[in-house]
Amino acid sequence: MPITPTEKIWFNGALVPWDEARIHVLTHSLHYGMGVFEGIRAYETDRGPAVFRLTEHMERLHDSAKIMMMQLPYSVEELVEATKLTVRASGLPSCYIRPIAFYGYGEMGLNTLPCSVDVAIACWPWGAYLGDDAVTKGVRMKVSSWTRHDHNSMPPLAKTTGNYVNSSLAKVEALKAGYDEAIMLNPLGFVSECTGENIFVGRGGVLITPPTSAGALRGITQDSVMTIAADLGFEVRVDDVSRSDLYVAEELFVCGTAAEVSAVNSVDDRPIPCPGPMTTAIAEEYARTVRGKVDRYKDWLEHV
């Protein structure tokens, strides 16, 4: 998905022109993958652009940094305001937002303790990650040959740049094999998540999503979906999911900031009914929620 440039990027405390938000080729995190980031969306509402669960995303950014022993130079509140400033400067009614913190230029080697930390926030127009028709037509999934990290090898709860080498390998493998996305298993063989989305398996009117202990990221969209599903009257459980559970699912969907809510129509060429009734109801309510159409969830929106 090509990036469409916007006017400004927030970089280390100030808005700078898009083409001037540059780093040195010897930037530490470019070499060692020691950065943390978030994916956030702003949506068009009746009151103008609003960022979905912005504060929670910045809290997770701080949590990721803490896990990585990275000291962020800006508070959650400062990053929230910087995001709003960046979205306002773009003039876009809706956009994807990418905050990132990384070790900058000046030190090299595996010791990060003396390194400075740079922070940037960019936004640009970006459509549905898995396709505009992913809710209705669904996507084809492949269980990856790549295993999700063990908690004692790389911290899967940290949304760190280096972790996504694992995801990228799985994504490209799936695409080259003719699928849309990959599902990752953990070292014990249980379902963890997709390359950038949490997964929900539906059987007998119950939705099950893997726990963080399985290597899944603590998804903010996942949490939103669980709340919406419960409010719609669906039972939701956090529990281990096996590969075979995927094959016999009565419906299946994935969710994330980029993918939003996307149905799955097959896993390893086993067809899945698509879209299922729970998937459809949740996707519709989620789409209304992020655009400020549901009063009970309006606190999730932070207007810019």
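It should be emphasised that the depicted structure is a prediction, and the values quoted were computed from it without experimental measurement.

Basis of the calculations
Residues numbered from 1 in each chain as written. Predicted model: local features only at pLDDT ≥ 70, side-chain atom pairs only at ≥ 80, totals over all residues. Heavy atoms only, no water. Helix = DSSP H or I, 4+ residues; strand = E, 2+ residues; numbered from the N terminus. Rg over C-alpha atoms; globule rule 2.2 N^0.38 Å. Buried < 20%, exposed > 50% of the residue type's maximum accessible area, 1.4 Å probe, protein only. Expected span 1.5 Å × (residues − 1). Arc of directions from axis to C-beta. Contact = heavy atoms within 4.5 Å. Axes fitted to C-alpha atoms, helices over the stretch in contact; angles between N-to-C directions. Parallel < 35°, antiparallel > 145°, perpendicular 65-115°, else oblique. Left-handed = near helix turned anticlockwise from the far one by under 90°. Polar contact = N/O pair within 3.5 Å; in protein donor to acceptor, adjacent residues only side chain to side chain. Core = buried A, V, L, I, M, F, W, Y, C linked by side-chain atoms within 4.5 Å. Patch = residues over 30% accessible without salt bridge, like charges linked within 9 Å, V, L, I, M, F, W, Y side chains within 5 Å. Areas by Shrake-Rupley, 256 points an atom, 1.4 Å probe, with all protein chains shown as cover. Salt bridge = Lys/Arg side-chain N within 4 Å of Asp/Glu carboxyl O.

(A) Here's a closer look at the overall build of the chain. From N to C terminus, the chain includes 7 helices and 17 strands. Radius of gyration (C-alpha) of the chain: 19 Å, near the 19 Å computed for a compact globule of 304 residues. Taken along the three principal axes of its C-alpha coordinates, the chain extends 55 × 45 × 30 Å. By the burial criterion, 52% of the 304 residues in the chain qualify as buried.

(B) View of helix H4 (residues 164-176). Across its 13 residues, H4 extends 18 Å between first and last C-alpha, which sits within 8% of the 18 Å expected from 1.5 Å per residue. Three or more residues of H4 are buried, namely Asn-166, Ser-167, Ala-170, Lys-171 and Ala-174. Axial view of H4: buried residues confined to an arc of 125 degrees, hence all on one face. The exposed set on the far side of H4, more than 90 degrees from its buried face, consists of Val-165 and Lys-176. Against strand E8 (139-147) and strand E9 (181-185) lie the buried residues of H4.

(C) Broad picture of the packing of helix H2 (residues 54-67) against helix H3 (residues 76-90). Where H2 meets H3, the closest approach of the two axes is 9 Å, and the angle between their N-to-C directions is 130 degrees. Accordingly, the angle class assigned to the pair H2 and H3 is oblique. With respect to the hand of their crossing, H2 and H3 are arranged in right-handed fashion. Facing H2, whose interface residues are Leu-54, Thr-55, Met-58, Glu-59, Leu-61 and His-62, H3 presents Val-76, Leu-79, Val-80, Thr-83 and Lys-84.

(D) Geometry of the side chain of Asn-166. With respect to the helices and strands, Asn-166 occurs in helix H4. A residue is classified by how much of its surface remains accessible, and Asn-166, at 8% relative accessible area, is buried. Of the polar contacts made by the side chain of Asn-166, one reaches the backbone oxygen of Thr-147; its length is 3.0 Å. Once you skip the residues sitting within four places of it in the chain, Asn-166 turns out to touch Trp-146, Thr-147, Arg-148, His-149 and Met-184.

(E) How the structure looks around the nonpolar core. Core analysis: the biggest nonpolar cluster contains 29 residues, and Met-58, Met-70, Leu-79 and Ile-97 have the highest contact counts within it. Residue assignment for this core shows that the elements contributing at least two residues are strand E4 (40-45), H2, H3, strand E6 (95-103) and strand E7 (117-124). Sequence-distant contacts of Leu-79, defined by excluding residues within four places in its chain, comprise Trp-10, Met-58, Leu-61, His-62, Tyr-74, Val-119 and Ile-121. Among the nonpolar cores identified, the runner-up in size contains 23 residues, and Val-139, Met-141, Val-206 and Ile-272 belong to it.

(F) Structural detail: a nonpolar patch on the surface. A grouping of Val-25, Leu-26, Leu-30, Tyr-32, Tyr-105, Met-108 and Leu-110 is seen on the molecular surface, where their side chains present a nonpolar patch of about 760 Å² in accessible area. Structurally, Val-25 can be placed in the loop between strand E2 (14-17) and helix H1 (28-32).

(G) Highlighting unusual backbone geometry. With an omega of -10 degrees, the peptide bond running from Cys-274 to Pro-275 counts as cis. When you line up the elements, Pro-275 lands in the loop between strand E16 (270-271) and helix H7 (277-290). Here Met-69, not a glycine, exhibits a phi torsion of approximately 60 degrees, which is positive. Among the secondary structure elements, Met-69 is positioned in the loop between H2 and H3. Met-69 gets classed as exposed once you look at its relative accessible area, which sits at 64%. The phi dihedral of Glu-260 is positive, around 55 degrees, even though this residue is not glycine. You can see Glu-260 is positioned in strand E15 (residues 260-267). By relative accessible area, Glu-260 is classed as buried at 17%.

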